[in-house]
Structures are given as structure tokens and as C-alpha cells.
Amino acid sequence: MKRIPLLLCALLAAGAALGQTARTVLGPYLQEVTSDGFTVVWTTDRDAVAWVEVAPDDSTHFYAAPRPRHYDSHLGRHRISRLHRVRVEGLRPGQRCRYRIVQQAALDDRGKTRLGEVSGMDVYRRNPYPAATLDPSRPQTDFWVVNDIHGRDSLLRLLLGDAARERPDFICLNGDMTSSMESEEQLARGYLTTLSRLLSPAGIPLFFVRGNHEARGSFADRFCDYFPSPTGLPYYTFRQGPVFFVVLDGGEDKPDEDLAYGGLAAYDAYRQQQAEWLRGVIRSDAFRTAPYRIVLMHMLPADGRSWHGEQQIGRLFVPLLNGANIDLMLSGHYHRYGLYEPGTRGTDFPVLVNSNSDRLCVSAAADGIRVRVIDPAGKALHEHLFAPRKAAR
Ligand SMILES: [Fe+2]
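Heads up: these notes are all about the structure in this document. (Residues numbered from 1 in each chain as written. Predicted model: local features only at pLDDT ≥ 70, side-chain atom pairs only at ≥ 80, totals over all residues. Heavy atoms only, no water.)

1. Topic: the overall build of the protein chain
In step 1: The number of helices and strands found in the protein chain is 10 helices and 21 strands.
In step 2: Taking 21 Å as the expected radius of gyration for a compact globule of 393 residues, we find that the protein chain reaches 23 Å, a close match to that expectation.
In step 3: Projecting the C-alpha coordinates of the protein chain onto the three principal axes gives extents of approximately 85 × 55 × 45 Å.
In step 4: Counting over 393 residues, the protein chain shows a buried share of 54%.
In step 5: Counting contacts in the protein chain only where the partners sit at least 6 residues apart, residues at least 24 apart contribute 69% of the total.
In step 6: Surface exposure of the protein chain reaches about 17700 Å², of which carbon and sulfur atoms provide 52%. (Helix = DSSP H or I, 4+ residues; strand = E, 2+ residues; numbered from the N terminus. Rg over C-alpha atoms; globule rule 2.2 N^0.38 Å. Buried < 20%, exposed > 50% of the residue type's maximum accessible area, 1.4 Å probe, protein only. Contact = heavy atoms within 4.5 Å. Areas by Shrake-Rupley, 256 points an atom, 1.4 Å probe, with all protein chains shown as cover.)

Below you can see the structure in the form of C-alpha cells.
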């Protein structure tokens, strides 16, 4: 008779302990990588305080010394949230390190916050994850591009299955990764869990280019929460190796007044605002002095049959980009491969459009920008070498 209450007590104790632990649901994945830092993003199944512990990239065990903690803090307090974005900065260009994520459940105890159990990545049986800052002094950069996945997680696994072995510097998600943004669970199921599992153990970061389908759905306003950038906006720049990258957000494809947007669209003004920002970028020394300039944008400049969004891109962005020594624009949106030579889209630079089922493997080095289009079976479908533009003049 006495054994039943004891068993019950043990089960209740285990349940209480379980209830005080925040478990990782999504991630971690690397965002907002710059030459002096990076941001680690992940989510937990309940509110928690979270931090990242960082160790140097050396032969010491993670447990060899106390590792500095970097918290997700806001207004002087450690943030309590299910979504965790921890910025690690103050690093050198090209600096490598190792990290683990840690979280502590935040419990509501009659109006006061009490912190529960600490849990995090296992760095005893498994290696901590690597991370590295960008390095503008490197003579070469290699990166991959996928786009228009529309939640086809199984395709993504085929396209990026070799990433950990081949180690591109980063993966560019060039828009429309799902058909709309509806919830964290939908993003996780559609692509983010797969990206985290394939890329984070190898320290490969993501650079997200917002597509028109990321502008749709009840979760669309959360885009920058899950994909932070150096500007805090979906348009931003970064430099890796010899390339200065300009990430643009083309917005929606139809007119703002279209029935599809339910009165919520304001993309004309958004693109105008972005054009003013782009004008400043093009004047900057960092842009002008880089050996190469690549524009990453989901939609591309208009031709005669284009919808409103592409026409606006042609009117607002192209006059600024022409004459600015752009070497290449990489786009998606059409779900089919295409190479548009200078002049065919009103641009003085080539525009390469990736299909919705292949990946681009891009390598920029002294001899030019080499782009290979690789299908899910690993077969090369197209290959181009864009010669250094400045040298050609
Ligand atoms: Fe699209």
C-alpha cells in the first residue's frame, strides 16, 4: 500500500522538474554574420532566459575553463522569451570559435519571475558548434544559393546534403522558402529545422533574401525577428572575401491595391525608402572599393511583360545600380533557369535566375565569378564565368 503514494510522489517530482525545463524546439542557426560577430537564433518550448557560451577555436575541451556568456538582453534585462537571438561580437575578421546554447526556464511564481532548470547543448558527448566571422581580406569566397523552395523540405535536403562536407562560406536563401509565413512551426517544418541540422554543426550561416511569398501570411511581420540583419531590415549589405553583397527586398509582385493583399500592402513606399538607402550604399567606400559587387534579390528588373513589382524595381533600383560596376545579380521567382545578358532587362550587368529545384554554387576569386547550376542529383546543368568587370574595362 505504501508503494503507491511513493511512486506517485516520484512521478509528480519528475513532472515538476520536467515542467521547469525549457527544451530547444528550433535551431540553433547562424544569422547576421559580420566581420566582428554573429547572432545565434533558436527557440524553446516555453519562456526562458538564454545565453551562448563561447570558447576559442583551439584544442581545449569546452569544460577546460569557464566560457564567457553572451546573453539575449534588452533594456538592461535578460530577455524572457521563447525566441532567442544572442549577439556575439567584439571578434576579429575571420575569427573562428566554438559555442553552445544554454537556456533557463522562466517561471511565473505568483506574479514574480523565478528561473527554473538550466539546460543546453551537450558538449560532453558531442562537439560544440563552430562559428566564424566574415573576412574581407580573403582572396576568394564560395557560397551556395537556393530559392523558391516553397516548403519542399525533402528537396532542400537533397540540395544541401553535401554542404557540411564541401563547406561553402554561407548559404543564401534567395526568397520564397515557404508560400506564406503562418507560424514558427510551419517555417520549421518547411525548411528551418533541416537547415539547422545540416548547417549548424558545420558552422555555415544563412543570409536570407526576402521573397514576395515571405511578405504573405499572418506571421509575415515576424520576418526580422527570426532573420535578424545588420540593418534590422530585410535589406542590408555584407562583405566576404573579394565580394561586396547588396541584399535587396523587391517586395510584392502585384500592385499594392490588388485584392490578394487585403488592403495591407504598402510596397511602393517601401521600395522608395529602400532606394534612398541604396543610393547611400552605392556612394560608400566599402561598396566602391570592393573587387566585386553582387546584388542578391528575389525578383528581378522588369521586361515588357513584367508585373508591377518588377516594373518598380526597374524604375527605382536599376538607375542606381547601372553605372555602379555591379558584376552580377542573382535572382529567383520565375521557377526556371535563365541568364539575362546586360541590356535585356535594362541593366548594364547580367542577371542570373536560379530555378526552383537547383542550387547555385558560386565562387568568386581573382579570375572572376564562377557560377555552377547543380541539380538535386549533383549534376552540373550550366556553368558560367563572369570575368572581373573592372579589369575588362
Ligand atoms: Fe517569388
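Next comes the rest of the account.
2. A few points about the environment of Asp-375
In step 1: When you line up the elements, Asp-375 lands in the loop between strand 20 (368-374) and strand 21 (380-386).
In step 2: For Asp-375, a relative accessible area of 14% puts it in the buried group.
In step 3: Between the C-alpha atom of Asp-375 and that of Glu-276, which follows or precedes it by 99 residues, the distance is 38 Å.
In step 4: Not counting residues within four places of it along the chain, the set of residues in contact with Asp-375 comprises Leu-159, Asp-358 and Leu-381.
In step 5: From its side chain, Asp-375 meets the backbone nitrogen of Lys-379 in a polar contact 2.8 Å long. (Polar contact = N/O pair within 3.5 Å; in protein donor to acceptor, adjacent residues only side chain to side chain.)

3. Some details on the coordination of the iron ion
By definition of the ideal shapes, four donors in a tetrahedron about a metal sit 109.5 degrees apart, and six donors in an octahedron sit 90 or 180 degrees apart.
In step 1: Binding of the iron ion to the protein goes through Asp-176 (OD), Asn-212 (OD1), His-298 (NE2) and His-333 (ND1), at separations of 2.1 to 2.3 Å.
In step 2: Taken together, the 4 donor atoms coordinating the iron ion span angles of 87 to 171 degrees at the metal, a pattern that classifies the geometry as irregular.
In step 3: Expressed as a motif, the donor residue spacing for the iron ion is D-x35-N-x85-H-x34-H. One end of the pair, Asp-176, is in the loop between strand 11 (170-173) and helix 4 (184-199); the other, Asn-212, is in the loop between strand 12 (206-208) and helix 5 (223-226), with 36 residues separating them in the sequence.
In step 4: Judged by relative accessible area, which is 1%, Asn-212 ranks as buried. (Donors = N, O, S within 2.8 Å, 3.2 Å for Na, K, Ca; no water. Tetrahedral: all angles 85-135°; square planar, octahedral: opposite > 155°, others 65-115°.)

4. Overview of the sheet that holds strand 13 (residues 236-240)
In step 1: Reading across the sheet, the 6 strands line up as 13-14-15-16-18-17 and stay open at both edges, with mixed pairing between neighbours. Either end of the sheet is taken by a strand with one partner, and the two such strands are strand 13 and strand 17 (338-340). The sheet shows a mean angle of 20 degrees between the axes of neighbouring strands, taken without regard to direction.
In step 2: Two elements, strand 13 and strand 14 (residues 243-248), share 5 bridges in a ladder whose sense is antiparallel. (Pairing = 2+ DSSP bridges. Axes fitted to C-alpha atoms, helices over the stretch in contact; angles between N-to-C directions.)

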